[in-house]
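This is what each chain is made of:
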Amino acid sequence: MEQVIKERAAYLRKALNRHNYLYYVLDEPEVSDAEYDRIMRELVDLEGKYPELITPDSPTRRVGAPPLEKFESVPHTIPMLSLENGFNEEEIRAFDQRVKKLLEEDARVTYTAEPKMDGTAVELIYENGQLVRASTRGDGFTGEDITANVRTIRTVPLTLLADSSLSIPERLEVRGEVFIALDAFKEFNKERLEKGEPPFANPRNAAAGSLRQLNSKITAQRPLEMFCYGIGAVEGLSFDTHWDILNGLKFLGLRVNPLVHRCKGIESAIEYYKDIESKRHRLAYEVDGVVIKVDDIEFQKTLGEKSRSPRWAIAYKFRPTQETTRLVKIEVQVGRTGALTPVAHLEPVSVGGVVVSRATLHNEDEIAKKDIREGDTVLIQRAGDVIPEVVKVVLSKRTGQEIVFKMPDTCPVCGSEVVRLEGEAARRCINAGCTAQIKERIKHFASKDALDIDGLGDKLVEQMVEKGLIKSYADLFTLKRDRLIGLERMAEKSADNLLAAIENSKRTTISRFIYALGIRYVGEHIAKVLAERFVSLERLMETGEEELLDVEEVGPQVSKSVIAFFKNIENRQNIDRILSCGVIPETKAVGKEHPLAGKTFVLTGTLPSITRAEAKAKIEGLGGKVTGSVSSKTSYVVAGENPGSKLDKAGSLGVEILDEEGLKKLLS
Ligand code: IVH
């Protein structure tokens, strides 16, 4: 074979490994997915033509190997320990006291704190930079050889990256957690259900199950990821602190959670816990606490371990978010689109620090499936800011006195007929004049992401509808001051404030306006898509099915709903009235909300206290744009820790560079 072909294959392999690293580890891709696929295809073709070119570490070799009969067992060079748990601040401070006492230290001890990933522990072994073995934790002393499976995980490098500042060690045992992100888990379970396969109970079980597949071709189809959090035996490299270990792993191309944080003293670690707990439900993966580790490796050695866990680390677990309580009664609410939703009234109970007295029951099928009855003792679950839900009934607590629930045949608010259309989970009140629907439509219109009318809260809307002041959102713009003043808790000043807020809301964007109209299936995102495509409201109102279906992300359901909405005479009249009152939905970002309009940002490296996704959302929220590569048109480069080549490029182009503080100033 010609030398040029060999060199080409080596070049492609190197390029793919680098792009993998940029994409999965640094989250800073330099090429598009299409470009990546093109390089991959070229390599696959070359290796197909010349099989002698194939090397075991080729990025094409991630598709799985022939199935195994059974897993071999692998002893761990150094046992894989577990962690002691702490559940409150006192226990964490007591841990710190013990550490200080054993170390005979009076000063604050430095800790490294990390999210505790809720996945499954894995050990990777690299010899001279090559991944040679991967194993499960097993009983801590001996695990199972799952090398073929782990090789299919794209966040696990098959070869370590050679970096100038760190030479490749002869041997490196790396430990970390393999997990499945929440979105991927949902998608994956959905597909299983469609194929008639049983779904997994949670992402952790799905990750563990996927790793224990004898056929690695199946594992290759599973959306597994890995974060590394520590090391076992190492030859040819040494570290002074745990923080250095994590950074070293990153340099070598291994993925480390970007939320790891170094804390001076235990109080700072407790702050970190609070921060992660508050972010917990916005993270892409499940976390069940934080792990606090003594940073200094000499200190770790002095502290040593007790039977199964090190004395230098503790898992500070989150409060449970499930609790049992009694379901007192089921009430039926009517939503904006007339959908009847059953809601559970509960005996108040504290779940993860928040008192819960209501939970959603979704729809009647859900109630039937879980056999939920009034009077039942139920297990409820709270996930972040979302409404708590009923997980299941505690059947052992049933007395026989419980009442089976039946959905009403008429609207509980207006008494009109209720229908359940084919393929829909909810019954609907079909009376568009139903007061419940009117109230909900107006609340939606005024809500934060719609026209954002300050001071127009739910209670006020309800009162105004009940007193006959308004019958639709269009009426908001012709409200009279003296009628407002007659309302409960509405003094002159608050009436003036409300009128000013309504006046203010007249300058808005087309996308907010479309969203505010409350068209079924048109959420914030679709509203944006429609606004971008049609530019003016008039154009959108005139469009037909074909044109709508031509818009990416718009399917038949959305298009039908949009057309029906604008065909409706009452809706058109409402829109005409609103526009004639001086409401101006503008295409371009307007007013105080968009101070960053026209500015482009590039983010690089890890920011100390916010994630890149958060920073991006904030910038975009203020009208700015975030792009992937630096050019002379870039307004700012925001650089965190371990910035990539983008920082150098910014420097050479003279683009302004901000740190997190600088960004925060700009955002405030
Ligand atoms: S350190 C000796 N760090 O939690 C230190 N463990 O009960 C041992 N885990 O089986 C582990 N995230 O799989 C550590 N950032 C993290 C972790 C973590 C999750 C798991 C690990 C272990 C269990 C400990």
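A brief structural summary. (Residues numbered from 1 in each chain as written. Predicted model: local features only at pLDDT ≥ 70, side-chain atom pairs only at ≥ 80, totals over all residues. Heavy atoms only, no water.)

Focus on helix α9 (residues 266–279)
Compared with an ideal rise of 1.5 Å per residue, which puts 14 residues at 20 Å, α9 spans 20 Å between its outermost C-alpha atoms and is within 8% of the ideal. Looking at α9, one finds that the buried residues are I266, A269, I270, Y272, Y273, I276, E277 and K279. (Helix = DSSP H or I, 4+ residues; strand = E, 2+ residues; numbered from the N terminus. Expected span 1.5 Å × (residues − 1). Buried < 20%, exposed > 50% of the residue type's maximum accessible area, 1.4 Å probe, protein only.)

What to know about the sheet that holds strand β7 (residues 171–180)
Taken in spatial order, the four strands make up an open sheet running β5-β4-β7-β8, and their pairing is antiparallel. Each edge of the open sheet is held by one strand with a lone partner, namely β5 (130–136) and β8 (224–235). The sheet shows a mean angle of 25° between the axes of neighbouring strands, direction not considered. Where strand β4 (residues 120–127) and β7 come together, eight bridges link them in antiparallel fashion. Each bridged residue has a counterpart across the sheet, and for Y126 the counterpart in β7 is L172. Lying over the sheet, helix α8 (residues 242–251) contacts β7 and β8, oriented at roughly 120° with respect to β8. (Pairing = 2+ DSSP bridges. Axes fitted to C-alpha atoms, helices over the stretch in contact; angles between N-to-C directions. Contact = heavy atoms within 4.5 Å.)

Quick word on the nonpolar core
Counting 53 residues, the largest nonpolar core has M464, L476, I514 and L530 as the members making the most contacts within it. Of all the secondary structure elements, the ones that give two or more residues to this core are α12 (435–446), α13 (458–466), α15 (492–504), α16 (510–516), α17 (524–534), α18 (537–542), α20 (556–567) and α21 (569–580). A total of six residues in this core trace back to one element, the largest contributor, which is α17. If we ignore the near neighbours within four places in the chain, the residues touching L476 are I442, F445, I453, L456, M464, I470 and I502. Residues A134, L160, L224 and I245 belong to the second largest nonpolar core, which totals 36 residues. (Core = buried A, V, L, I, M, F, W, Y, C linked by side-chain atoms within 4.5 Å.)

Quick look at the layout of surface pockets
Rolled over the atoms, a probe sized like a water molecule indicates the empty space that remains. Empty space within the second largest pocket amounts to approximately 1500 Å³. Considering the residues around the second largest pocket, the lining is formed by 40 residues, among which L182, A201, E286, Q381 and E389 are closest to the centre. Its residues assigned to classes, the lining of the second largest pocket comprises 18 nonpolar, eight polar and 14 charged. (1 Å grid on protein atoms, 1.4 Å probe; cavity = no way out; pocket = protein on both sides within 12 Å on 5 of 7 lines; lining within 4 Å. Points joined across faces, edges and corners; volume = space filled by probe spheres on them. Nonpolar A, V, L, I, M, F, W, Y, C, P; charged D, E, K, R; others polar.)

Section: the pairing of strand β10 (residues 287–294)
Most of β10 sits inside the fold, with eight of its eight residues counted as buried. Inspection of the sheet shows strand β3 (residues 110–117) paired to β10 by seven bridges, in the antiparallel sense. Along β10, the bridge assignment pairs M117 with V287. In this sheet, strand β11 (residues 313–317) lies alongside β10 in antiparallel orientation, the contact comprising five bridges. The residue of β11 that forms the bridge with V291 is A315.

As for the pattern of salt bridges
Counted under the stated rule, the structure contains 56 salt bridges. A salt bridge links E298 to K301; its shortest N-O distance comes to 3.8 Å. With E298 and K301 both in helix α10 (residues 297–303), this residue pair falls three residues apart, about one helical turn. When its relative accessible area of 59% is taken as the criterion, K301 is described as exposed. As a salt-bridge pair, D496 and R481 come within 2.6 Å of each other at their nearest N and O atoms. Remark: R481 occurs in helix α14 (residues 481–485) and D496 occurs in helix α15; sequence separation between them is 15 residues. Under the relative-accessibility criterion, D496 is labelled partly exposed at 34%. Via salt bridges that share partners, E364, D365, K406, D409, R420 and R427 belong to a single interconnected network. (Salt bridge = Lys/Arg side-chain N within 4 Å of Asp/Glu carboxyl O.)

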